[in-house]
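Below are the chains, spelled out letter by letter.
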Amino acid sequence: MAQIQNEAANEKSVWIRIGMVFLYICLIIVALFQIYPLVWLAMFSLKTNTEVFGLSPPFSLPQDPQWVNYLNVWENGNINIYFLNSVWITIISVALTLLFASFVTFAITRMNWKLNKLTLGLFMVGLMVPIHSALIPLFAFFLELNIINHPLSLILAYTAFNLPLTIMILLGFYYTLPKEVEEAAVVDGCSVHRIFFQITLPMTTPVIATTAIINMIYNWNEFVFVNTFISSDKWKTLTVGIQNFIGQYSTDWGGAIGATLMISIIPVLIAFLVLSDRIVEGIAAGSVKG
Amino acid sequence: MNRVMSNKVVIALYVLPALILTLSVIYGPMVITGYYGLMEWNGIGEMTFIGLDNYKELIQDSNFWESAWHSFLLAIFSTLSLAGYLVVSLILAGKIKGSNILRKIYLIPMLLSSVAIAQLWVKIYDPNNGLLNSFLKAIGMEQPPVWLADTDLVLYAIFVAILWQYAGFYIIIYYAALKGVPEELIEAARIDGASPIQIAYKIKVPLISGVIKVTIVLAIVGSLKYFDLIYVMTGGGPNGASEVIASYMYKKAFDTFDFGYGSAIAFFLLIITLIVTWITRKLTTSKDELQY
């Protein structure tokens with residue numbers, strides 16, 4: 001009897017194992033689907049034109065890696081200009097967003113005033129507004145301000161459109177922070193500004209890091225505003241830059257297109273390798289509480 | 001305490017920069033879009049008031065309704081695909097080794113720009129030397145489809161790229177929610193003899209229904225405003241077969257410089273987005289209450 005039970009249990013565990021292997025295979029297939037196109041792109045970026053357009057199968061490895069593809073597009077395709085624009089416009093917009101959002105969240109959670117809930121609601125509704133429904137008047141408005149084809153248009157748009165999500169994520173963190181330190185500081189005669197800059201802001205570093213990386217990725221990848229507001233090569237960022245570049249050269253430059261795409265992707269991948277936990281946390285925090 | 005923290009000047013100083021920016025860059029333009037929709041305007045010259053003509057034209061514009069239909073289809077597909085993401089997350093959140101790394105691998109495409117993703121998939125779908133057709137030819141298919149140039153297939157082909165882009169996003173959200181389900185509940189069910197599938201279906205899924213609701217809203221609203229990927233991949237073509245509301249609006253405004261008509265479409269998009277958000281929340285709330 002005991003033996004039969006034992007056998008039954010064994011049989012069950014065999015089935016569980018088979019089931020587990022099957023589940024793993026499913027998960028790995030999904031992972032391959034997610035990662036293989038990028039591996040393929042990396043291969044593609046190192047191939048010569050004859051390899052890309054020739055007979056060699058696309059899944060083959062590059063025969064003689066053409067690192068020169070990267071050098072060529074960096075120097076001859078304006079990619080260096082676009083890259084630098086992306087970097088500084090992203091950084092300034094993220095800094096402004098974080099500063100303004102921290103101010104607002106501090107005022108809403110720490111200071112006493114009547115309209116704080118209403119103000120918060122006003123910012124939160126912004127989460128639902130599609131960019132396109134503000135685009136035309138925004139274009140007209142920036143035209144009026146004379147900042148069309150000027151990076152300021154991008155900085156203003158990025159900062160404003162990132163505020164709602166940033167405030168939402170900050171808010172969750174501010175609510176969990178103890179208020180005692182700030183209260184003690186008030187008793188000691190500390191000014192509000194000192195409390196904000198020297199006590200509260202340093203305490204929120206973890207969530208600042210999370211929102212910073214989320215905002216950076218958003219700004220780095222943004223396309224519609226650049227495509228609409230910026231027309232001169234001098235101020236284009238990477239997304240629109242590579243789009244135009246590829247449009248121009250799609251027929252005669254094979255591997256170079258792969259290289260431009262890789263150049264736009266690599267900074268994000270590096271950020272991901274270093275900060276993946278923060279990114280995951282930011283995405284989870286940003287949506288679960290919504 | 002109260003005096004310092006109730007200082008009106010400081011409050012204004014802290015709130016106004018963000019408030020002014022939000023009002024002038026998001027809400028102001030949003031309202032003005034509806035107003036521009038009443039105008040005939042090429043973006044540079046004089047604006048002429050034409051009343052509801054743009055909105056009347058919109059109702060009769062078959063191209064517009066076709067693009068709205070495509071947006072609607074994408075919203076349906078995206079919502080259905082949530083079930084798949086949920087299954088993957090349920091497997092991941094069970095005690096699986098390596099779930100941390102797998103989860104992060106799934107997320108990578110989400111971090112890339114839509115332009116890069118679009119260009120990558122254009123290469124994958126290339127009829128002659130793309131990844132997909134080379135594979136199909138290698139396994140013996142003689143005339144593989146032309147994907148992005150095929151009016152019947154293009155929307156599905158784009159949807160695969162959308163799946164690729166967003167899978168990780170939803171998996172992360174579901175995973176985080178599932179990790180929040182109390183361990184004791186699952187343990188108790190297991191002792192009562194519930195199978196893993198029963199635990200998943202009867203305990204875990206109902207407990208995260210709030211999050212599922214949020215993702216449904218995100219998927220639908222996200223699909224309605226879908227733009228970058230499609231604009232770069234196909235430009236709405238071939239022959240309008242992959243045109244969506246946002247890309248149609250963009251073309252009208254910034255390619256043919258019909259800013260009035262473009263604004264009417266944009267205003268319509270805004271109203272639809274708000275209504276759909278509201279309806280989805282309403283519909284899914286009643287279900288919530290049944291489950292508890």
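Residues numbered from 1 in each chain as written. Chains lettered and ligands numbered in written order. Predicted model: local features only at pLDDT ≥ 70, side-chain atom pairs only at ≥ 80, totals over all residues. Heavy atoms only, no water.

Where an unreviewed UniProt entry is consulted, chain B appears under the name Xylose ABC transporter, with the organism given as Gracilibacillus boraciitolerans JCM 21714. The UniProt entry for chain B carries this comment under Subcellular location (unreviewed entry): "Cell membrane". Under Sequence similarities (unreviewed entry), UniProt gives the following word-for-word description of chain B: "Belongs to the binding-protein-dependent transport system permease family." (UniProt positions renumbered as here; feature names shortened; annotations may be inferred.)

Taking an unreviewed UniProt entry as the reference, chain A is identified by name as Xylose ABC transporter belonging to Gracilibacillus boraciitolerans JCM 21714. Turning to chain A, the UniProt annotation filed under Subcellular location (unreviewed entry) states: "Cell membrane".

Caption draft 1: Local environment of the pattern of salt bridges. Enumeration over the complete set of coordinates arrives at six salt bridges over all chains. A salt bridge links Lys 104 of chain B to Asp 277 of chain A; the nearest nitrogen and oxygen atoms lie 2.9 Å apart. With Lys 104 of chain B in helix H5 (residues 99-107) and Asp 277 of chain A in helix H13 (residues 254-288), this pair bridges two chains. With a shortest N-O distance of 3.4 Å, Arg 278 of chain A and Glu 281 of chain A are connected by a salt bridge. Pair noted here: Arg 278 of chain A and Glu 281 of chain A are both in helix H13, with a separation of three residues, about one helical turn. Of the residues examined, Arg 278 of chain A reaches a relative accessible area of 26% and is grouped as partly exposed. (Salt bridge = Lys/Arg side-chain N within 4 Å of Asp/Glu carboxyl O. Helix = DSSP H or I, 4+ residues; strand = E, 2+ residues; numbered from the N terminus. Buried < 20%, exposed > 50% of the residue type's maximum accessible area, 1.4 Å probe, protein only.)

Caption draft 2: Geometry of unusual backbone geometry. If you check the backbone angles, Asn 146 of chain A has positive phi at about 65° while not being a glycine. On the secondary structure map, Asn 146 of chain A appears in the loop between helix H6 (132-144) and helix H7 (151-176). The phi dihedral of Phe 257 of chain B falls on the positive side, at around 55°, and the residue is not glycine. Topologically, Phe 257 of chain B is positioned in the loop between helix H13 (245-255) and helix H14 (259-291).

Caption draft 3: How the structure looks around the UniProt feature "transmembrane region" (unreviewed entry) in chain B. All names here are of chain B. Here, UniProt's "transmembrane region" (unreviewed entry) annotation points to residues 12-38, 72-93, 105-122, 153-177, 205-227 and 259-279. This span, residues 72-93, is 100% helix and 0% strand, and a straight line between its end C-alpha atoms measures 32 Å. Helix makes up 100% of residues 259-279 and strand 0%, whereas the separation of the span's terminal C-alpha atoms amounts to 30 Å.

Caption draft 4: Geometry of the packing of helix H4 (residues 62-93) of chain B against helix H11 (residues 209-224) of chain B. Residues and elements named next belong to chain B. Where H4 contacts H11, the axes come no closer than 8 Å and their chain directions differ by 150°. As for how H4 packs across H11, the hand of that crossing is right-handed. Counting all contacts with H4, which are made through Ser 71, Leu 74, Ala 75, Ser 78, Thr 79, Leu 82 and Leu 86, the residues of H11 involved are Ile 212, Thr 215, Ile 216, Ala 219, Ile 220, Ser 223 and Leu 224. Among the residues forming the contact of H4 with H11, the class breakdown is nine nonpolar, five polar and no charged. (Axes fitted to C-alpha atoms, helices over the stretch in contact; angles between N-to-C directions. Left-handed = near helix turned anticlockwise from the far one by under 90°. Contact = heavy atoms within 4.5 Å. Nonpolar A, V, L, I, M, F, W, Y, C, P; charged D, E, K, R; others polar.)

Caption draft 5: Fine view of the environment of Ile 203 of chain B. Residue and element names in this part refer to chain B. Relative to the helices and strands, Ile 203 is located in helix H10 (residues 196-207). For Ile 203 and Ala 189, which are 14 residues apart along the polypeptide, the C-alpha to C-alpha distance reads 8.5 Å. Discounting residues that sit within four places of it in the chain, Ile 203 has contacts with Leu 185, Ala 189 and Gln 198.

Caption draft 6: A look at the UniProt feature "domain: ABC transmembrane type-1" (unreviewed entry) in chain B. When the UniProt feature table is mapped onto this chain, "domain: ABC transmembrane type-1" (unreviewed entry) is found at residues 68-280 of chain B. The span residues 68-280 of chain B is 74% helical and 0% strand by assignment, and the distance between its end C-alpha atoms comes to 18 Å.

Caption draft 7: Inspection of the UniProt feature "transmembrane region" (unreviewed entry) in chain A at higher detail. In this structure's numbering, the residues bearing the UniProt feature "transmembrane region" (unreviewed entry) are residues 21-43, 81-108, 120-143, 155-175, 195-218 and 253-275 of chain A. Split by type, residues 155-175 of chain A is 100% helix and 0% strand. Its first and last C-alpha atoms lie 29 Å apart.

Caption draft 8: Spotlight on helix H9 (residues 192-203) of chain A. All names here are of chain A. For H9, built from twelve residues, the straight-helix expectation of 16 Å at 1.5 Å per residue is met to within 8% by its first-to-last C-alpha distance of 15 Å. Among all positions in H9, only Val 192, Ile 195, Phe 196, Ile 199 and Thr 200 are buried. Summarising the axial view, the buried residues of H9 lie within an arc of 130°, below the 170-degree limit, and thus occupy one face. (Expected span 1.5 Å × (residues − 1). Arc of directions from axis to C-beta.)

Caption draft 9: Representation of the packing of H6 of chain A against H13 of chain B. The interhelical angle for the contact between H6 of chain A and H13 of chain B, taken along N-to-C directions, is 15°, at an axis separation of 10 Å. Taken together, the axis directions place H6 of chain A and H13 of chain B in an arrangement best described as roughly parallel. Of the two elements, H6 of chain A crosses H13 of chain B, and the hand of that crossing is right-handed. Here His 132, Leu 135, Ile 136 and Phe 139 of chain A of H6 of chain A come into contact with H13 of chain B, specifically with Ala 246, Met 249, Tyr 250, Ala 253 and Phe 254 of chain B. (Parallel < 35°, antiparallel > 145°, perpendicular 65-115°, else oblique.)

Caption draft 10: Fine view of the interface of chain A and chain B. Taken together, the contact pairs 87 residues of chain A with 87 residues of chain B. Carbon and sulfur atoms supply 79% of the area that chain A and chain B bury against each other, a total of about 8000 Å² over both sides. Area buried by chain A at its contact with chain B is led by Gln 34, His 132 and Ile 136 of chain A, which between them contribute 9% of it. Between chain A and chain B we count one salt bridge in total. The interface formed by chain A and chain B holds 18 residue pairs in polar contact (both at pLDDT 80 or more) in total. Residues belonging to the side of chain A that touches chain B are distributed by class as follows: 67 nonpolar, 17 polar and three charged. (Buried area = accessible area lost by both parts, 1.4 Å probe. Polar contact = N/O pair within 3.5 Å; in protein donor to acceptor, adjacent residues only side chain to side chain.)

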